[in-house]
Amino acid sequence: MTPAVIQLAAEAAERHPAEVTDWGARIAWVIGLLVFIAFVYWLMRQGWKWRGTLQSDLPELPAAPSGLPAHRLALTGRYHGSTTAGQWLDRIVAHGLGVRSRVELTLTDAGLDVVRPGATDFFVPAAQLRGARLDKGIAGKVLTEGGLLVVTWAHGDKLIDSGFRSDRAAEHAAWVEAINLMNPTITTEGAER
């Protein structure tokens, strides 16, 4: 190589230096991002606990009595949560009602037995059932029109809407009819909104 070529190569190298990764800055950004995500998660968790504290006046959930009569209907599916009746965004988290889970529902003449593996089971006596309807959403879950079975029930001095989705959505209409027939003051004409 001639000295002129070597000099041109050196000048080209000076004009376009090789890119160098600043690992210290990159690691600092990653750590900062992880700390921010952890902080946001912590704030969400504190909000969930605060909501549970505000709802602490809600009585304990009743357990299913032993020797339930034969079931009218049964289904398996998902429990999507409970809200204050008529306020589909006001999630109830006290006593585990805000925890989504798999569900096994059983409707008997005594009431509605809600078995949730990994979460608190509860029982709604027939006298506490206020009605059922098909809806499209409940606190954090929106489905197609009529894709959610919403059961309204009284607990203490509060009316609660609980949302369920069967593995076979065609079962929902039979559930609405059966629950509404248990309460003679409800008509199926007003069950859907």
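Not measured: the values here are computed from a predicted model.

### Some details on the overall build of the chain
Alright, step 1. Secondary structure summary: the chain contains 3 helices and 10 strands in total.
Alright, step 2. Helices (α) and strands (β) of the chain occur, in sequence order from the N terminus, as α-α-β-β-β-β-β-β-β-β-β-β-α.
Alright, step 3. Here the chain, with 193 residues, has 34% of them falling under the buried criterion.
Alright, step 4. A fraction of 60% describes how many contacts in the chain between residues 6 or more apart in sequence connect residues 24 or more apart.

### Considering the pairing of strand β3 (residues 101-108)
Alright, step 1. In the sheet, strand β1 (residues 71-84) pairs with β3 via 8 bridges, with the strands oriented antiparallel. When the sheet's bridge partners are listed, Arg 78 is paired in β3 with Arg 102.
Alright, step 2. Sheet analysis places β3 next to strand β4 (residues 111-115), joined by 5 bridges and oriented antiparallel. Looking across to β4, one finds that Leu 107 is bridged to Leu 112.
Alright, step 3. Linking β3 to β4, which pair antiparallel, is a turn of 2 residues.

### Considering helix α3 (residues 172-182)
Given 3.6 residues per turn, any residue in an α-helix points the same way as the ones three and four places further on.
Alright, step 1. For α3, the complete set of buried residues consists of His 172, Trp 175, Val 176, Ala 178, Ile 179, Asn 180 and Met 182.
Alright, step 2. On the buried face of α3, the contacting elements are β1, β3, β4, β6 (129-135), β9 (148-155) and β10 (158-166).

### Some points on the pattern of salt bridges
Alright, step 1. Evaluated as defined, the whole model comprises 5 salt bridges.
Alright, step 2. The salt bridge partner of Arg 133 is Asp 161, with a shortest N-O separation of 3.2 Å. With Arg 133 in strand β6 and Asp 161 in strand β10, this residue pair connects regions lying 28 residues apart in the sequence.
Alright, step 3. Its salt-bridge partner being Arg 168, residue Glu 171 comes within 3.2 Å of it at the nearest N-O pair.
Alright, step 4. What emerges from the salt-bridge pattern is a single network uniting Arg 133, Asp 135 and Asp 161.

### Thoughts on the side chain of Arg 116
Alright, step 1. Mapped onto the secondary structure, Arg 116 falls in the loop between β4 and β5 (122-125).
Alright, step 2. For the buried Arg 116, no salt bridge exists, and the shortest N-O distance to an oppositely charged side chain is 5.4 Å, to Asp 121.
Alright, step 3. Engagement of the side chain of Arg 116 in a polar contact is seen with the backbone oxygen of Val 99, the distance being 3.0 Å.
Alright, step 4. When near neighbours in sequence (up to four residues on either side) are disregarded, Arg 116 contacts Tyr 79, Gly 96, Leu 97, Val 99, Ser 101, Arg 102, Val 103, Asp 121 and Phe 122.

### Points about the environment of Thr 108
Alright, step 1. Positionally, Thr 108 belongs in strand β3.
Alright, step 2. A sequence separation of 17 residues divides Thr 108 from Pro 125, and the C-alpha atoms of the two residues are 9.4 Å apart.
Alright, step 3. In this view, Thr 108 contacts Leu 68, Pro 69, Ala 70, His 71, Arg 72 and Met 182; residues no more than four positions away in its chain are not counted.
Alright, step 4. A polar contact of 3.1 Å, which involves the side chain of Thr 108, links it to the backbone nitrogen of Ala 110.

### Description of the confidence of the model for the chain
Alright, step 1. Confidence in the prediction of the chain, expressed as mean pLDDT, is 83, and 90% of residues score 70 or more.
Alright, step 2. Segment residues 187-193 is flagged for pLDDT under 50; beyond a separation of four residues in sequence, or across chains, it makes 14 contacts in the model.

### As for the packing of aromatic side chains
Alright, step 1. What the rule picks out here adds up to 4 aromatic pairs.
Alright, step 2. Note on Phe 39 and Trp 42: the rings are 6.2 Å apart at their centroids and 25° apart in plane angle, and the pair reads as stacked. Placement of both Phe 39 and Trp 42 in helix α2 (residues 23-54) is noted, with a separation of 3 residues, approximately one turn of the helix.
Alright, step 3. Relative accessible area serves as the criterion here: at 45%, Phe 39 is assigned to the partly exposed category.
Alright, step 4. Relative accessible area serves as the criterion here: at 47%, Trp 42 is assigned to the partly exposed category.
Alright, step 5. Relative to Phe 122, the ring of Tyr 79 lies with its centre 6.3 Å away and its plane at 75°, an arrangement referred to as edge-to-face. One end of the pair, Tyr 79, is in strand β1; the other, Phe 122, is in strand β5, and 43 residues separate them in sequence.

What counts, and where the lines are drawn
- Residues numbered from 1 in each chain as written.
- Predicted model: local features only at pLDDT ≥ 70, side-chain atom pairs only at ≥ 80, totals over all residues.
- Heavy atoms only, no water.
- Helix = DSSP H or I, 4+ residues; strand = E, 2+ residues; numbered from the N terminus.
- Buried < 20%, exposed > 50% of the residue type's maximum accessible area, 1.4 Å probe, protein only.
- Contact = heavy atoms within 4.5 Å.
- Pairing = 2+ DSSP bridges.
- Salt bridge = Lys/Arg side-chain N within 4 Å of Asp/Glu carboxyl O.
- Lys, Arg positive; Asp, Glu negative; His and termini not counted.
- Polar contact = N/O pair within 3.5 Å; in protein donor to acceptor, adjacent residues only side chain to side chain.
- pLDDT = per-residue confidence, 0-100.
- Phe/Tyr/Trp six-rings, centres within 6.5 Å; stacked < 30°, edge-to-face > 60°.

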